[in-house]
Every structure is written in C-alpha cells, then in structure tokens.
Amino acid sequence: MQHDFIEITGAREHNLKGVSLRVPKRAITVFTGVSGSGKSSLVFGTIAAESQRQLNETFSAFARNRLPRHGRPDADAIANLSTAIVVDQKRLGGNSRSTVGTITDIYALLRLLYSRVGTPFVGFSNVFSFNDPQGMCPECHGLGRIDVLDLDAFFDLDLSLNDGALRYPDFRVGTYYWGYYVNSGHFDNDKPLRDYTGDEWHMLLYGSDGKVGFDTAYGKLYSDYEGAVDRFTRLYIRKGAEDMSERGRAAYLSFVVSGRCGACGGTRLNPEVLGCTIDGRNIAELAAMEAVDLVEVLRGIDAPVGATVLAELIERIEHLIGIGLGYLSLDRRTATLSGGESQRIKMVRHLGSSLTDVMYIFDEPSIGLHARDVRRLNTLLRELRDKGNTVLVVEHDPDVIEIADHVVDLGPRAGADGGEIVYEGGLAGLAAADTLTARHLRTGVRLKERVRRPTGRLKITGAATHNLRDVSVAVPTGVLTAVTGVAGSGKSTLINEHFLVENPEAVVIDQSAIGTSRRSNPATYTGAMDDIRRLFAKANGVSASLFSANSKGACEACNGLGVIYTELAFMAPMTSTCEVCQGRRFKSGVLAHTVRGRTISDVLAMPVAEAAAFFTEPGIAAVLGSLEAVGLGYLTLGQPVSTLSGGECQRIKLAGELRKSAATYVLDEPTTGLHMSDVAHLLRILERLVDGGGTVVVIEHDLDVVKSADWVIDLGPEGGRDGGAVVFEGTPGEMAASGDSHTARHLREDVR
Ligand code: ADP
Ligand code: ADP
Ligand code: ZN
Ligand code: ZN
C-alpha cells in the first residue's frame, strides 16, 4: 500500500532538532522519553496541530474565520495525515447539567428505552431528559439541587434596619431595596431584629398573605409588599447563578445554602416521568446505580420492542466497565471527575463510534489506573486499532509500552539536551537499545528493604464519605507512605475528605496550574528574579526596576513578553515573536547592561541548569539548584508558567518546599507525566523531604513508588461500592510477601 505511513520530515517545534520519522498507520505507536524530551512538541504540537490545521483549510472561508487558526507547525513536511482526535486529560468540568450519562450518550439510550418499554407510556424520549422543560423537575429546573437563602448570613440580628441588619450588598443601608423595607411602614426601623415578634419576622421574611400574586401577562410577581426571602428568591435564586457577573455570583454564593431539591429528591425529574417504570424501577433509579449493577439489571429486562436499544446500551456500559469505570453511576456529575476519569470517559465516547481511519491521540491514558486496569485499557487501545484506526499514545508506563507495534523514544534528555529520536522501531529492538527508557525497562526499581521507623502517627477515625466503610487508619509520620488501590477504591476520598480535614496544616502539592499570568515564569515564581534584577542593578549602577518586564525598560510593543498575543474572540490566542524587540523583551538601552557578559534577555532565555552554573550568588544558586533537583533543569527562566504541564507545575511547587522546613506533604499521583527515570528522580526528592523530618503521603499506582515507600495503605478490594475498606497496611516487603489484594498481587509479579 502507498499510504501506510504518516511521514514527518524536519520537525523543529520547541526543542525538536529537525526530527524525521514514519509513523505506521493502523498500528499503535507509543511515544516515550523523559519529561521535557519533546514528546508533546512532536505529537500534539506537530502531528495533531497539522492535522487540525489541514482540516480547517478544507472549510469555506466563512467557517474558517470562525475556527481557531493554527499556525503551520515548524516542520519541512508532514504527509499522509488522517483526521486527529485528541483524547486528553483536560477535566470535563462542565455545568451541573452534564453527567456521566449525558456526556457518554448512554443516558440518551436509556431515555429511548423508557420511551419504548416504560409503563405507563409518558411520551417521547426527550420527556425523560432533565434538560428538557417537559421532563425537568419544575422546582429545581432539572438541577436536582436548589439554593435557599441563608438567613444567618442575610440578617444581622444585633442590628436594626437603620443600622444595617440586611447584609446582602443590594439590600444595604441606602440602597433602593433597603429603602423599600424602611419605608414600608411595617417596622420599627430602630429596633434590633433580635427583638422582633413572630409577626414582625413573618412580615419581614414573607410579607402578608394574599397580597402577592403572579402577573401572567408580565410573567412576574406583583405585590404591594414583598418579604425579603421572597424577593431574594425571585430576584436571584430563580434566575440562578450561572448568568451572574463573577462578583455578583461570589456575593450570591455566600448568601445561599444549597441542598437536595425536596420536590424531586435530587433526581432532577418531574413526578410524571418518575412514575414511568421498567420492571418496577424508574429512570432515576437506574441512573443512580453503579455501572456494574446497572448492566446486570439491563440484562434482566425482557422487552422485544426495546431489544436493539438494550443491546446497544449494554455494549456501551460494558465499555465503561471495561475501562475501569464500573464504579461510576450515570448520574455522577462530570465536574466531580478526575483528569484520568475524564479522559477515560472521552474514550468511551469514541469506542462507541464506528469511524475508521482516524488518528486517535492519547496523552498518558494510564493516569489514575491501577496495574489491573491498565490491562483492560490495553485491550481497548487494541480494539481501536483493530477497527482500522491509527493510535498514537504518549506514555511512560511499561505495561502500555508493551503493546506498542512501534515505539518512538525521544531524548536523550530534556529541553535543549533532548529533541532527538534516540530509538525508533519494534519492542524487541528497544530492549537492546542504549536509551534511558531501555535501561529503566531492563533494570526497574528494587523493593526497599530497609524502611524508616515512623516518628508518630496521624489518625483517621470513622471515615465514611462516599464509599468509605467506617475506615480507621493511622498514617505514620516521618516516613514515606503510599496510598494505593484500584481506581474508585476511595484513595482520594480518604486523603482529601478526611486526612486533610483532620490535618489542615498539611501541604498539598498538586498539579494545578501555578498561575495563568503570562508574566509569571520560573524565575519570577520562585523569587529568583528579584535577586537577579538586583544583581544587574548593582553591577551596572542603575535601578533594579529597569530589568522588570513591567517597567519603563521593557519593550513597549510586547510589554516585556517577547511575544505578541493576538486575542481571538472565542478561542486560544495566537502568538508570534515581537518584531520590535525580536523576542528580547527589553529596550536596547537595557540590553547594554550585562552581568558577566550576559544581558537580562540572555538570562531569561537560559535553561535553569545553565543558569545554575552561571550564577554563583548563593541566594540565586539555591533557588535554581532546587529547580534542577526536581528535574526542571531544562526549563528556561523566562518560559511562561502558563505553558507548563501539570507535572511540571507540581515539581516547581516541590522545589519551593525543598527550601523550607519539615512539614506534612500530600501528593496525588505525582508520577503523572514522568518517565521512569524522572520517577527515580522524584523519589529522591521525596526521600530528601522525609530525611529532613517531613511526612510524605502519596496517592499512587506506580509500582516503583510503592516499592520505594516505607509504608503502604491499600484500599479496596474493588472500586465503588465494593471498595472503601483498608485491605492492607504494612511495609512494601510485607505486601509483596503476604498481601492478597490486587496491588499486592501486581507488586509480587513485578518484583519477581
Ligand atoms: P515532553 O512532552 O516530552 O515532556 P515537551 O514537548 O512538552 O516535552 O517539551 C519539550 C521542550 O519544549 C521543553 O524544553 C519545554 O520546556 C519546551 N516547551 C514546551 N512547550 C513550550 C512552549 N509553549 N513554549 C516554549 N517552550 C516550550
Ligand atoms: P480513588 O481515589 O481510589 O480512585 P475516589 O475516592 O475518587 O477513589 O472514589 C471513591 C468512591 O467515591 C467512588 O465510588 C466514586 O465514584 C465516589 N466519589 C468520588 N468523588 C465523588 C463525588 N464528588 N460525588 C459522588 N461520588 C464520588
Ligand atoms: Zn427538583
Ligand atoms: Zn517586544
């Protein structure tokens, strides 16, 4: 065949050094390499970006003007691309109307089933939708939850109306609404609310009966007097927070309490819809079941008219279970899902599609998955391939690398020391290659034999949130503890809802962004920039502020950013190098000042590792040294933090902690985005924190981390309802020797 390869020639995005490669079509290609070696630049920045750009070119000029405009990736040629579908880990988020069921279309099938075989028949399938006016609960408009005015927040009982007893901003003394109550003639405006009689309270809250009504012609309430609760409900609660300004919403949210809607019991549906059942169960009951239970119920339904829908439903739910999400219910809000769960949900959507010859691109799909579920993930990736699709996977997990038809290993190291293909070919060849990946695949990490002795214990007692079954467990201090278990077993719930609540001083080092400001970069974020500016000032006898990106010394065209961002109405902005300063960020006068021959612009363009060798000043050297210690030596000092990955953000935060005194640290899957050699690096940092007297708790699947822990707390035995218990506590050695949980079994296989 002619078009059997995607051909990339001379790719140079970011750190890529003119790489050329051929990616086989209808095969699984795994891209691996240390963090910062250039995987994303190649897979997302070059291949996916070019596919998207070419797709956009095929649209009419009218449509094109409304689509994001992608610059042509920096490469000599890219040929034979298929349409790319990127399945990433961006959280699904979404509004409160988005659930696992709606986003996977499984709920739509369930509605169809009810409209065909439910008794009594209540209407077409849209009637069963809580997003349709015909189906939604009229009280909560299909949200399942309802806000009510928080009286304690709204009223200050110690004050009178004249003194400001009404606390809501729009009701404060002097406002129109305040005047409305003060001038109503119903109240003694100088009497503290605490002294109000029952009747006065009723009048203030709800007004007098009979005088309030609904004007159907105008669609609003009329009254000669309206109580404060009714007024607040009408003006704010009925409208909902979604359309409010950010400030308005913040104020609103601090004056309401949210609770389950009493009318529908949180099911979001109206009574008529809830009255329609199949085998005695309504649609809300099915949506509330865990997928593993739901599929059993569906298998038990005997309904010839619905047979096709049933079969399709069962297949979709099996995909959900197959990808390790069997513990989720269809009514689970997507906003509460983790990044890994979100990615797997997106995968379910694609598995249901019959598209072929598509290029699917996955970003570390093993995130959040236990070794047990990685096997199932592999099955699904193979299924996608076998349907005739090209599958590209950026991944570090040896168990996923194992299924590659083709491996592209980037390196040899990160940043300027990376950007080359160090191995390309089959798995067998990789085993013999001399790359970091190959070496780590061969040697692995040894089980820690001598564990540390705890200095004390932090107890969690009676934890029962979500699926936790009255868990009591002690987290040892002064050691490294790994919290393990299959997805959905309750790890995050135990740590986030209990451990952190009971130990509020613990420092959470997560992967959330460390700022969206384009002005923030590793140098400013860590504080090193202040010292660097002072150094430049002293060496040149000028003011330190001259070297600040928001000073008079900065290039006026780009405001010291070196690049120009062109904002586009609904999409990500376009960036281009500033033509005035050529990306140098500062005016030429400022660039005349140097330290040891380097300008401030040169310094911002230096990778951390180079800068760490360049600056001998103790303060600056210490900060840069800690960034290097966390494996970020390849970042340039001036790279906007908005371009950093979650893992990189997490390591910048870790670097900051290395310079502080001992504390309790919690990390949720810190190996995300890390190559095996980076994990070894990370483990050394964690060891340093512990050796400094710290307590480190990591939620982690990576067996290398488990093997290096001093203590393991394993949750399970399964996910969801069948999880929520501690199934093992002890050292990794004990776990490998005698544990019988999923984690223990996989650990045993791994160390053998
Ligand atoms: P990987 O995916 O292997 O972790 P990346 O492709 O993200 O590596 O990064 C390769 C190099 O390119 C790194 O030095 C990184 O700092 C740099 N880089 C990545 N994104 C950007 C960006 N938006 N602007 C400038 N440099 C970037
Ligand atoms: P893990 O961290 O081990 O993957 P979680 O603590 O996230 O597990 O989940 C444990 C159980 O609690 C699962 O059944 C999950 O569906 C449920 N759960 C987690 N978060 C929420 C939430 N925000 N709302 C409802 N259920 C939740
Ligand atoms: Zn309701
Ligand atoms: Zn400029």
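Rules of the game
- Residues numbered from 1 in each chain as written.
- Chains lettered and ligands numbered in written order.
- Predicted model: local features only at pLDDT ≥ 70, side-chain atom pairs only at ≥ 80, totals over all residues.
- Helix = DSSP H or I, 4+ residues; strand = E, 2+ residues; numbered from the N terminus.
- Rg over C-alpha atoms; globule rule 2.2 N^0.38 Å.
- Buried ≥ 20, exposed ≤ 12 C-beta atoms within 10 Å, placed from the backbone.
- Contact = placed C-beta atoms within 7 Å.
- Arc of directions from axis to C-beta.
- Pairing = 2+ DSSP bridges.
- Axes fitted to C-alpha atoms, helices over the stretch in contact; angles between N-to-C directions.
- Near = placed C-beta within 6 Å.
- Nonpolar A, V, L, I, M, F, W, Y, C, P; charged D, E, K, R; others polar.
- pLDDT = per-residue confidence, 0-100.

### Concerning the overall build of the protein chain
Scanning the protein chain from N- to C-terminus turns up 30 helices and 25 strands. Against the globule reference of 27 Å for 752 residues, the protein chain gives a C-alpha radius of gyration of 30 Å, in line with a compact fold. Taken along the three principal axes of its C-alpha coordinates, the protein chain extends 85 × 75 × 65 Å. Scored against the burial criterion, the 752 residues of the protein chain give a buried share of 45%. Counting contacts in the protein chain only where the partners sit at least 6 residues apart, residues at least 24 apart contribute 68% of the total.

### Points about helix H18 (residues 436–443)
Buried residues of H18: Leu436, Thr437 and His440, and no others. Each buried residue of H18 sits inside an arc of 100° when the element is viewed along its axis, so together they form one side. Exposed and oriented more than 90 degrees from the buried face of H18 are Arg439 and Arg442. One or two steps after H18, the chain reaches glycine 444, where phi turns positive at roughly 65°.

### Side note on the environment of valine 100
With respect to the element layout, valine 100 can be found in helix H3 (residues 100–103). Residue classification places valine 100 among the buried positions, given that 25 C-beta atoms sit within 10 Å. Remark: the alpha-carbon pair of valine 100 and asparagine 126, spanning 26 residues in sequence, is separated by 18 Å. Apart from the residues within four sequence positions on either side, valine 100 is in contact with Leu328, Ser329, Leu330, Arg332, Thr334 and Ile345.

### With respect to the sheet that holds strand E15 (residues 420–425)
Overall, mixed pairing links the 6 strands, which are arranged E5-E12-E13-E3-E14-E15 in an open sheet. Because the sheet does not close on itself, it has two edges, and the strands there are strand E5 (84–87) and E15. Ignoring strand direction, the axes of neighbouring strands in this sheet form an average angle of 20°. Summarising the sheet, E5 and strand E12 (residues 359–363) pair through 4 bridges and their orientation is parallel. Counted as the bridge partner of alanine 84 is methionine 359 from E12.

### Quick notes on the site of ligand 1
Residues in contact with ligand 1 amount to 15 residues; listed here are only the nearest, His14, Lys39, Ser40, Ser41 and Gly415. Of all the elements, helix H1 (residues 39–57) adds the most residues to the shell around ligand 1, at 3 residues. Tallied by class, the residues present in the shell around ligand 1 amount to 2 nonpolar, 12 polar and 1 charged.

### Some details on the confidence of the model for the protein chain
In the predicted model, the protein chain carries a mean pLDDT of 90, and the fraction of residues at 70 or more is 95%. Interface confidence in the predicted complex, given as ipTM, is 0.94; pTM for the same model is 0.82.

### Topic: the sheet that holds strand E18 (residues 480–484)
Taken together, the 6 strands give an open sheet; going across it, the order is E19-E22-E23-E18-E24-E25, and neighbouring strands pair in mixed fashion. Looking along the sheet, the strands with just one partner apiece sit at the ends: strand E19 (507–508) and strand E25 (725–730). On top of the sheet, helix H19 (residues 491–502) reaches E18, E19, strand E22 (664–668), strand E23 (695–699) and strand E24 (711–716); it is set at about 145° to E23, its chief contact.

### A short note on unusual backbone geometry
Between threonine 119 and proline 120 the backbone carries a cis peptide bond, its omega angle lying at -15°. The phi torsion at aspartate 105 lies on the positive side, around 70°, for a residue other than glycine. With 14 C-beta atoms packed within 10 Å, aspartate 105 lands in the partly exposed category.

### With respect to the pairing of strand E3 (residues 28–33)
Taking burial as the measure, the 6 residues of E3 include 6 buried ones, the bulk of the element. Here E3 shows two buried faces, one formed by Ile28, Val30 and Thr32 and the other by Thr29, Phe31 and Gly33. With 4 bridges joining them, E3 and strand E13 (residues 390–394) adopt parallel strand pairing. Bridging from a neighbouring strand, threonine 29 pairs with leucine 392 of E13. Strand direction decides the pairing type here: E3 and strand E14 (residues 406–411), joined by 5 bridges, are parallel.

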